[in-house]
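Topology and contacts: notes
Chain by chain, the residues run as shown.
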Amino acid sequence: MNNFGTNERVLRSDVTLEESKEIERILRKNNISYFERWKTHSGLLKFLDKGGNGKCDILIHMDSMEEAKKALGDK
């Protein structure tokens, strides 16, 4: 679990667009706020990427970690 601020924690790392939509649906249903940090290429690689290969990290507040893991079925 990585720290990015005083209160944010990574819930999932390297998530695809399809996976992020499913996680978003579950988190919203359980009223858990989150933040997606997309990993993008820079320079020439940005133009070679076809748009469907992006990955993101999903971050949530540390107070919601146990509730989010339970909602997503994590142990």
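Placed above this text is the structure.
First, a word on scope: everything that follows refers to the structure included in this document. (Residues numbered from 1 in each chain as written. Predicted model: local features only at pLDDT ≥ 70, side-chain atom pairs only at ≥ 80, totals over all residues. Heavy atoms only, no water.)

1. Some points on helix 1 (residues 17-29)
The first and last C-alpha atoms of helix 1 sit 18 Å apart over 13 residues, in line with the 18 Å expected at 1.5 Å per residue. Within helix 1, burial applies to Ser 20, Ile 23, Ile 26 and Leu 27. Buried residues of helix 1, seen end-on, are gathered within an arc of 130 degrees and therefore sit on one face of the element. Opposite the buried face of helix 1, by more than 90 degrees, sit the exposed residues Glu 18, Lys 21, Arg 28 and Lys 29. Elements in contact with the buried residues of helix 1: strand 1 (8-15), strand 2 (34-39), strand 3 (55-61) and helix 3 (65-72). Positive phi shows up at Asn 31, right after helix 1, with a value of about 55 degrees. (Helix = DSSP H or I, 4+ residues; strand = E, 2+ residues; numbered from the N terminus. Expected span 1.5 Å × (residues − 1). Buried < 20%, exposed > 50% of the residue type's maximum accessible area, 1.4 Å probe, protein only. Arc of directions from axis to C-beta. Contact = heavy atoms within 4.5 Å.)

2. Side note on the nonpolar core
With 12 residues, the main nonpolar core is built from Leu 11, Val 15, Ile 23, Ile 26, Leu 27, Ile 32, Cys 56, Ile 58, Ile 60, Met 65, Ala 68 and Leu 72. Contributing elements (two or more residues each) for this core: strand 1, helix 1, strand 3 and helix 3. Once you skip the residues sitting within four places of it in the chain, Ile 58 turns out to touch Arg 9, Val 10, Leu 11, Arg 12, Val 15, Ser 20, Ile 23, Leu 27, Tyr 34, Phe 35 and Glu 36. (Core = buried A, V, L, I, M, F, W, Y, C linked by side-chain atoms within 4.5 Å.)

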